[in-house]
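# A look at the structure
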Protein chains: 2
Amino acid sequence: MSFDLEDGRLQGDLPTTDPETAAGAVGPEDLVLVSGFGGVGYPKRVPEALAADDRELSLSVVSGGGVGAELDDRIVESGKLARRYPFQTRRTSRKAINEGEVAFHDRHISRFGDEVRLGDLGTPDVAIIEAIALGKNWLVPSTSIGHSPSFVASARKLIVEVNHAQPVELARVHDIDLRELPPNREPIALDGPTDRIGSPTIEFDPEKVVGIVETERTDDPYTFRDPTEADLAIASHLKGFLEAEIERNPLCEETVHLQFGVGSMGNALMGALEDIEFGDHEVVYFGEVFQDGLLDSLDSGLLAGASATSLALSEAGQQRLFDDIERYAKNTVLRPADISNNPALIERFGVVGINSAVEVDLYGNANATHLGGTRMVNGIGGSGDFNRNSRLGIIALPATASDGEISRIVPMTPHVDHTEHDFSIIVTEHGVADLRGLSPRERAETIVEIADPSFREELDEYRARAVRGGGNTPHDLETALSWHASWNR
Amino acid sequence: MSFDLEDGRLQGDLPTTDPETAAGAVGPEDLVLVSGFGGVGYPKRVPEALAADDRELSLSVVSGGGVGAELDDRIVESGKLARRYPFQTRRTSRKAINEGEVAFHDRHISRFGDEVRLGDLGTPDVAIIEAIALGKNWLVPSTSIGHSPSFVASARKLIVEVNHAQPVELARVHDIDLRELPPNREPIALDGPTDRIGSPTIEFDPEKVVGIVETERTDDPYTFRDPTEADLAIASHLKGFLEAEIERNPLCEETVHLQFGVGSMGNALMGALEDIEFGDHEVVYFGEVFQDGLLDSLDSGLLAGASATSLALSEAGQQRLFDDIERYAKNTVLRPADISNNPALIERFGVVGINSAVEVDLYGNANATHLGGTRMVNGIGGSGDFNRNSRLGIIALPATASDGEISRIVPMTPHVDHTEHDFSIIVTEHGVADLRGLSPRERAETIVEIADPSFREELDEYRARAVRGGGNTPHDLETALSWHASWNR
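Residues numbered from 1 in each chain as written. Chains lettered and ligands numbered in written order. Predicted model: local features only at pLDDT ≥ 70, side-chain atom pairs only at ≥ 80, totals over all residues. Heavy atoms only, no water.

### Digging into the overall build of chain A
Short version of the rule: Runs of E in the DSSP output that reach at least two residues are strands. Runs of H or I that reach at least four are helices, and both are numbered from the N terminus. The atom set for the radius of gyration is the C-alpha atoms, and the globule formula is 2.2 Å times the number of residues raised to the power 0.38. Between buried and exposed lies partly exposed: a residue is buried under 20% and exposed over 50% of the maximum accessible area for its type, with that area taken using a 1.4 Å probe on protein chains only. By definition, residues are in contact when any of their heavy atoms lie within 4.5 Å. Using a 1.4 Å probe, accessible areas were evaluated by the Shrake-Rupley method; residue-level cover was limited to the displayed protein chains. Under the convention used here, Asp and Glu are negative, Lys and Arg are positive, and both His and the chain ends fall outside the count. A single reference atom marks each charge: NZ on Lys, CZ on Arg, CG on Asp, CD on Glu.
Counting its regular elements, chain A contains 17 helices and 24 strands. In terms of overall dimensions, chain A is globule-like: its C-alpha atoms have a radius of gyration of 23 Å, near the 23 Å expected for 489 residues. Along the first, second and third principal axes, the C-alpha atoms of chain A reach 75 × 55 × 45 Å. A total of 489 residues make up chain A; the buried ones form 68% of that total. Pairs at least 24 apart in sequence give 76% of the contacts found in chain A among residues at least 6 apart. Carbon together with sulfur atoms contributes 43% to the accessible area of chain A, which is approximately 15,600 Å² in total. Both charge centroids of chain A, one from 44 positive and one from 82 negative side chains, sit 4 Å from each other.

See below:
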């Protein structure tokens with residue numbers, strides 16, 4: 001690697017430009033790949049300039065994960081966004097997607113970099129990447145890695161936003177490696193979550209560069225709500241369950257590898273780690289996002305290390321990490337998303353994955369993306385990678401939504417992101433449903449027990465009515481979706 | 001390895017017994033792990049003796065994949081089967097499962113060996129394994145490997161059926177390796193599908209052995225129907241699609257790695273390989289089962305090699321392979337199912353996976369297991385491993401069932417095994433739906449076009465009605481399952 005912290009953010013004779021000029025290098029129907037994951041590390045000024053551009057644009061915008069308002073509010077409001085993949089978290093983009101104004105599809109994070117490189121979305125035109133440092137043929141990404149290595153490799157043109165507001169010491173956290181495409185792809189040579197096999201830089205062909213822009217704009221990061229009573233009850237059930245598993249499950253023999261999903265629930269559960277009795281077991285985080293909840297566990301020494309693809313911290317969390325970045329960099333690693341979420345690594349490390357969902361059904365299928373079966377929330381993100389490949393897959397969710405008016409345990413989910421084959425444990429504030437070894441009929445009896453008490457009777461009536469019709473997975477198709485149909489009305 | 005073909009099938013001073021005595025070592029409520037995958041390589045005489053046992057038994061029977069009548073007919077008929085995992089193909093077992101008499105759950109094949117070893121089904125009591133040769137502390141499995149290495153490692157007791165009717169030269173095909181359990185699991189060191197990293201033997205602690213039985217009973221293998229007109233039309237569309245991909249997709253640059261699902265459709269498509277123009281590209285099979293359809297391609301040299309976990313051949317196919325086993329063994333490898341189906345290998349080799357389904361919906365979700373949403377057919381098998389991890393996942397299915405009365409393209413599948421995030425291509429006899437890069441609304445328009453003409457108008461009416469309700473994935477929940485509800489009536 002040719003990067004040296006001492007040499008500053010812009011190394012060599014690099015011509016910078018204003019965001020408007022850089023935006024001019026983006027063609028009117030370009031497939032645009034942007035950095036950003038977990039709401040951080042995304043480009044800010046060039047997207048804003050694209051939104052304000054005089055031309056009629058019809059862009060396809062592809063990120064690794066969640067990005068900020070400059071992309072998913074401003075470009076959407078300007079009417080210049082035609083397509084969007086594979087994840088978004090803003091009210092503006094969500095509305096446009098659900099009204100059919102923006103074509104959107106959500107893909108599994110672990111394989112999405114390959115899909116872009118293989119041309120599944122068409123030929124990528126331009127990558128816009130936020131960096132903390134830039135040389136002639138390399139850049140150092142900022143607060144997230146996401147799919148930036150794949151994006152830089154596959155786009156014809158490259159625009160870099162060098163962000164002076166992000167600490168340059170983030171380079172110490174990065175471990176970047178671009179895998180060969182199949183069929184000549186090697187195994188990933190990581191022995192453990194905090195091993196390093198790469199460098200802090202993404203390399204590129206200098207001829208691709210069509211714009212370098214400087215900025216001091218900060219991320220527009222997550223705001224986490226305070227844990228609710230339900231969150232705390234779920235954390236308490238999870239504690240009991242995990243402590244029993246740590247005692248008996250060979251998976252946890254020496255080291256417990258944990259992953260938590262993105263969002264306030266995940267953050268609350270990360271924050272509750274301190275309460276769990278891990279005994280002599282080492283605890284390591286191998287996940288997709290590093291959220292505020294992990295900072296305390298790293299500080300206390302409970303967590304031996306953490307691997308992720310994004311520092312998806314709140315503003316306060318970012319400040320805490322940035323203020324002490326050299327210390328955190330010792331046992332915290334940011335990786336490309338196809339490595340942080342890699343099925344082979346999740347399997348090899350025996351990850352215990354804890355994710356949330358919109359709703360689950362009586363047979364252990366989960367809808368993680370669509371309200372009422374139709375309206376997209378954010379996208380599947382990496383939850384499919386972790387639910388499927390974790391050796392112990394847990395879905396944690398409150399038993400109700402909308403102040404208790406809607407049950408999140410339903411007869412049948414009208415949209416399925418995680419099937420009955422993928423995960424084994426469901427936790428609500430009312431308890432733990434351990435589905436291992438159970439048949440669908442037994443699953444239903446078990447899952448009814450962790451529903452909100454006010455819905456249990458009706459769920460059990462559905463279950464019994466369905467069983468009268470027979471089948472391995474009994475359903476009464478006439479009423480299976482009637483709850484959702486009435487909620488939607 | 002201590003196995004030498006020259007020394008015969010029973011090596012050393014090994015006491016054999018009759019099947020009834022061996023069956024006596026199985027406790028009345030034992031968790032019984034049996035060899036067998038793709039309808040071959042399963043134990044025969046001890047299961048038959050269990051079915052005829054005087055005792056009241058309530059057994060849990062766990063296989064790798066499909067097994068024969070001795071297990072899934074005889075034991076079921078005897079009323080001694082309480083639980084069954086994770087796959088079965090017999091009318092008798094299917095009926096008992098759907099009537100709720102036998103508790104059944106289907107799991108992803110790639111992870112099932114781990115689930116057994118980690119105790120997800122309880123503590124395994126006894127493994128009953130068919131072998132072609134046996135020593136003091138090792139056995140050589142027969143026509144399938146499946147999960148036998150994991151089963152032998154995790155069961156307290158071991159019964160071996162040494163089958164003199166299976167050619168001992170099968171040992172040349174086997175490449176067996178038992179992986180460490182997570183969290184200290186290494187990457188799988190295979191560079192390509194026909195590489196070898198193991199031995200022909202499964203090793204065990206001699207103290208576990210509670211019975212050795214000899215048999216000459218042959219497998220009760222698959223019978224494949226002749227290709228139908230729909231199969232041939234599907235094969236023709238697949239040919240056109242694959243030839244275009246071979247030209248342009250970096251996945252296929254040097255070597256095309258193919259996988260086909262189990263069954264008559266898969267067999268018909270394997271048989272149609274010869275018609276595809278692969279040009280200079282090497283073609284290798286990396287799948288779960290090796291079926292008759294591949295024999296011609298191996299003979300002609302089109303296929304450079306094949307990796308699977310089962311020789312799921314018809315009687316005629318078995319004869320053809322057995323007669324020339326030394327030649328076939330040169331480029332055919334049988335592996336444990338957690339390696340044949342491993343997510344990391346499917347991803348690394350860039351497999352083009354072609355599987356079938358019961359039905360698909362307008363948004364590209366597939367039901368591979370349940371008729372009418374409730375009645376189990378066989379189980380998910382390895383289709384989830386290949387659909388999810390293949391870089392190009394294809395579902396091939398006839399557009400109708402029941403002599404054209406039922407559409408296999410439906411508004412919403414009442415059971416989902418493979419989600420819209422998992423596979424990208426659907427092929428029917430009416431064409432190819434290439435879903436890459438499409439939003440759900442675009443997917444629906446595309447998928448309607450490959451439905452049977454007699455259902456297209458009604459599907460399109462559903463699609464348009466759903467769109468009026470809005471959402472990223474529009475549905476009319478009042479009528480989404482009405483086709484199935486009326487078919488079920």
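From this point, things continue past the structure.
### Some details on the side chain of Asn-163 of chain B
All names here are of chain B. The cut-off we apply is this: Distance and chemistry together define a polar contact, namely a pair of N or O atoms within 3.5 Å, with one atom able to donate a hydrogen and the other to accept it when in protein, and with adjacent residues in sequence counting only for side-chain atoms on both sides.
In this structure, Asn-163 sits in strand S7 (residues 157–163). When its relative accessible area of 0% is taken as the criterion, Asn-163 is described as buried. In this structure the side chain of Asn-163 is engaged in a polar contact, spanning 2.8 Å, whose partner is the backbone nitrogen of Ala-165. A polar contact is formed between the side chain of Asn-163 and the backbone oxygen of Arg-217, at a distance of 2.7 Å.

### Focus on the sheet that holds strand S15 (residues 359–361) of chain A
Adjacent strands of a sheet pair through backbone hydrogen bonds, lying either parallel or antiparallel. Going by this rule: Following DSSP output, two strands are said to pair if at least two bridges run between them.
Overall, mixed pairing links the 3 strands, which are arranged S16-S15-S22 (chain A) in an open sheet. The sheet is open, and its two borders are formed by strand S16 (366–367) and strand S22 (409–410) of chain A, each paired with just one other strand.

### Focus: the relation of the copies chain B and chain A
Counted only if it meets this: The copies are overlaid by a least-squares fit using only the C-alpha atoms of residues whose pLDDT is at least 70 in both copies.
The two copies are related by a screw motion: chain B maps onto chain A through a turn of 180 degrees and a shift of 0.0 Å along the axis, at an RMSD of 0.0 Å. The operation mapping one copy onto its partner corresponds to a two-fold rotation axis. For chain B, the residue whose C-alpha comes nearest the rotation axis is Ala-344 of chain B, separated from it by 2.5 Å. By residue overlap, the copies meet face to face through one surface: 100% of the interface positions of chain B are interface positions in chain A.

### Looking at the side chain of Ser-154 of chain B
Residues and elements named next belong to chain B. With respect to the secondary-structure elements, Ser-154 resides in helix H6 (residues 148–154). One polar contact links the side chain of Ser-154 to the main-chain carbonyl oxygen of Ser-150, over a distance of 2.8 Å. Among all residues touching Ser-154, those that are not within four sequence positions of it are Leu-33, Val-116, Arg-117, Pro-124 and Lys-208.

### Describing the sheet that holds strand S19 (residues 392–396) of chain B
All names here are of chain B. This is how the line gets drawn: Each axis is a line fitted through C-alpha atoms, and for a helix only the stretch in contact is used; angles between axes span 0 to 180 degrees, taken between their N-to-C directions.
Ordered by their spatial adjacency, 8 strands build an open sheet running S13-S12-S11-S10-S14-S19-S23-S24, and the pairing between neighbours is mixed. Pairing within the sheet leaves two strands with one partner each, and these edge strands are strand S13 (332–334) and strand S24 (431–434). Looking at each pair of strands side by side, their axes are set apart by 20 degrees on average, direction ignored. The pairing of S19 with strand S23 (residues 425–428) spans 3 bridges and is parallel. Note on S23: the bridge partner recorded for Ala-396 is Val-427.

### What about the packing of aromatic side chains?
Any aromatic ring pair is given by two values, namely how distant the centres are and how the planes are angled relative to each other. Residues and elements named next belong to chain A. Keep this limit in mind: Here is the rule: rings of Phe, Tyr and Trp (six-membered ring for Trp) pair when centre to centre is within 6.5 Å. Planes less than 30 degrees apart are stacked, more than 60 are edge-to-face, and the remainder are tilted. Only Lys NZ and Arg CZ are tested; either one counts as a charge over a ring when it is within 6 Å of the ring centre and within 35 degrees of the ring normal.
What the rule picks out here adds up to 10 aromatic pairs over all chains. Taken together, Phe-455, Trp-483 and Trp-487 form an aromatic cluster joined through their ring pairs. Across the ring face of Tyr-328, the terminal group of Arg-327 is positioned such that the distance to the ring centre comes to 4.6 Å.

### What about unusual backbone geometry?
Looking along the chain, the bond that leaves Tyr-85 of chain A and enters Pro-86 of chain A is cis, with omega of -20 degrees. Within the secondary structure, Pro-86 of chain A sits in the loop between strand S3 (81–85) and helix H4 (91–98). The phi dihedral of Ser-402 of chain A falls on the positive side, at around 50 degrees, and the residue is not glycine. For Ser-402 of chain A, the position within the fold is in the loop between strand S20 (400–401) and strand S21 (406–407). Backbone geometry at Asp-403 of chain B places phi at a positive 55 degrees, although glycine is not the residue there.

### Concerning the interface of chain B and chain A
So the rule is basically this: In this description, buried area is defined as the sum, over both parts, of the accessible area (probe of 1.4 Å) that is lost when the two are combined. Criterion for a salt bridge: a side-chain nitrogen of Lys or Arg within 4 Å of a carboxyl oxygen of Asp or Glu.
Each partner contributes residues to the interface: chain B has 88 residues there, and chain A has 88 residues. Here chain B packs against chain A, burying approximately 7,000 Å² in sum over the two surfaces, 46% of which is carbon and sulfur. The interface formed by chain B and chain A includes 14 salt bridges. One salt bridge connects Arg-83 of chain A with Glu-442 of chain B, and the closest N-O pair in it is separated by 2.4 Å.

### A closer look at the packing of helix H8 (residues 264–271) of chain B against helix H9 (residues 293–300) of chain B
Residue and element names in this part refer to chain B. Definition in use: Comment on the angle field: the value is read as roughly parallel under 35 degrees, roughly antiparallel over 145, roughly perpendicular from 65 to 115, and oblique elsewhere. Here a crossing is taken to be left-handed if its near helix is turned anticlockwise relative to the far helix by less than a right angle, and right-handed if that turn runs clockwise. For this scheme, ten residues count as nonpolar: Ala, Val, Leu, Ile, Met, Phe, Trp, Tyr, Cys and Pro. Four count as charged, namely Asp, Glu, Lys and Arg, and the remainder, Gly too, count as polar.
At a minimum axis distance of 7 Å, the contact between H8 and H9 shows a crossing angle of 20 degrees. Relative to H9, H8 is oriented roughly parallel. Considering how the two elements wind past one another, H8 and H9 form a crossing that is left-handed. Here Asn-267, Met-270 and Gly-271 of H8 lie close against H9, whose contacting residues are Gly-293, Leu-294 and Ser-297. Tallied by class, residues from the contact of H8 with H9 come to 2 nonpolar, 4 polar and no charged.

### Regarding the pattern of salt bridges
Tallying each qualifying case throughout the model produces 76 salt bridges over all chains. Put simply, Arg-327 of chain B and Asp-324 of chain B hold a salt bridge, and the shortest N to O gap is 2.8 Å. Salt bridges linked by common partners bring Asp-73, Arg-74, Glu-77, Arg-90 and Asp-220 of chain A together as one network.

### Structural notes on the domain arrangement of chain A
Residue and element names in this part refer to chain A. Heads up, the condition is: By convention here, the domain bounds are inherited from an automatic or database domain assignment.
One can read the domain layout of chain A as domain 1 (5–215) and domain 2 (229–488). Using C-alpha coordinates to define each centre, domain 1 is positioned 29 Å away from domain 2. At the junction of the two partners, domain 1 supplies 43 residues and domain 2 supplies 45 residues. Across the domain 1-domain 2 interface, the total number found is 2 salt bridges. Between Glu-326 and Arg-172 there is a salt bridge, and its shortest N-O distance comes to 3.7 Å. Seen at the junction of domain 1 and domain 2, the total is 20 residue pairs in polar contact (both at pLDDT 80 or more).

### Focus on the packing of H9 of chain B against helix H10 (residues 315–323) of chain B
All names here are of chain B. Taken N-terminus to C-terminus, the directions of H9 and H10 make an angle of 30 degrees; their axes are 10 Å apart at the nearest point. Comparing their axes, H10 and H9 come out roughly parallel. Helix-helix and strand crossings are classified by hand; for H9 and H10 the assignment is left-handed. In this structure, H9 contributes Leu-295, Asp-296 and Asp-299 to the contact, and H10 contributes Gly-317, Arg-320 and Leu-321. A class-by-class count of the residues in the contact of H9 with H10 yields 2 nonpolar, 1 polar and 3 charged.

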